[in-house]
Amino acid sequence: MEYVYFLSNASVTLRIVNYFETMPFLSSASLTVIHQINGWIVRIRIPFFLSCQEDANVKAFLSELGTKFNVHMKLQMVFWNLDMGESVINVMRNYQVVIVSYGKPNFNRIQNFREEFSRGLGYQPETLA
């Protein structure tokens, strides 16, 4: 199963990561977190089918925090290359995207990215709030 959502800021993105880290039935989920100028794209892949109730719960939670995102061709290629085992660095270089986290949900990677990016700019943009 796969879910792709657009989120407005880092706080919301961190809430999703926390949710996936704490829900036992989502322990094998893989998250791809991409930062863009106007927000965040999060792709969640679960290697098995969820029950109808679990699927509805995940969709409801994600819809509260963001909007379902229709993946355009460039991002499809990014996801495909990552899934085929290409290194994150090569995918970022080839497709000019910022992949903050890939694989097991990682709260610290997103938090560190947020702090480093803000420190480098000298202020915190709205998407990093």
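Along each chain, numbering runs from 1 in the same order as the chain's sequence is written. Reporting of local features is limited, given that this is a predicted model, to residues whose pLDDT is at least 70; pairs of side-chain atoms are given and counted only at 80 or more, and all residues count toward the totals for whole chains, interfaces and linings. The side-chain quantities take in all heavy atoms of the structure and omit both hydrogens and water.

Visitor: I keep staring at the overall build of the chain and nothing clicks. Help me out?
Guide: A run of DSSP states H or I qualifies as a helix once it reaches four residues; a run of E qualifies as a strand once it reaches two. Both are numbered from the N-terminal end. A count of helical and extended segments in the chain gives five helices and five strands. Counted from the first residue to the last, the chain has its helices and strands arranged as β-α-β-β-α-β-α-α-β-α. With C-alpha atoms as the basis for the radius of gyration, the globule rule is written as 2.2 Å multiplied by the number of residues raised to the power 0.38. Against the globule reference of 14 Å for 129 residues, the chain gives a C-alpha radius of gyration of 14 Å, in line with a compact fold. On the principal axes, the C-alpha backbone points of the chain span a range of 45 × 30 × 25 Å. Within the chain, the fraction of its 129 residues that count as buried is 43%. Total accessible area on the chain stands at roughly 7200 Å², and carbon and sulfur atoms take up 54% of it. For the chain, the centre of its 11 positive side-chain charges and the centre of its 10 negative side-chain charges are spaced 3 Å apart. Exposed residues in this analysis have more than 50% of their type's maximum accessible area, buried residues have under 20%, and partly exposed residues fall in between, with area computed by a 1.4 Å probe over protein chains only. Under the convention used here, a 1.4 Å probe and the Shrake-Rupley method define accessible areas, while residue burial counts only the protein chains that appear. His is not counted, nor are the chain ends; Lys and Arg add positive charge and Asp and Glu add negative charge. Every charge is mapped to an atom, namely NZ of Lys, CZ of Arg, CG of Asp or CD of Glu.

Visitor: Honestly, the side chain of Thr127 in this entry has me stumped. Any pointers?
Guide: Note on placement: Thr127 falls in the segment after helix 5 (107–121). Those residues within four positions of Thr127 in sequence are excluded, and the remaining contacts are Ser8, Asn9, Ala10, His35, Gln36, Ile37, Asn38, Gly39 and Trp40. A contact between two residues is defined here by any heavy atoms of the two lying within 4.5 Å.

Visitor: Where do I start with the pattern of salt bridges in this structure?
Guide: Salt bridge, as used here: a side-chain nitrogen of Lys or Arg that lies within 4 Å of a carboxyl oxygen of Asp or Glu. Scanning the entire structure with this criterion turns up six salt bridges. With a shortest N-O distance of 3.5 Å, Arg43 and Glu2 are connected by a salt bridge. Of the two residues, Arg43 sits in strand 3 (residues 39–45) while Glu2 sits in strand 1 (residues 2–7), which places them 41 residues apart along the sequence. Given the relative accessible area of 43%, Glu2 is considered partly exposed. A salt bridge links Asp55 to Lys59, with the shortest nitrogen-to-oxygen separation between them at 3.2 Å. Pair noted here: Asp55 and Lys59 are both in helix 2 (residues 52–65), with a separation of four residues, about one helical turn. Residue Asp55 is classed as buried on the basis of its relative accessible area, which comes to 14%.

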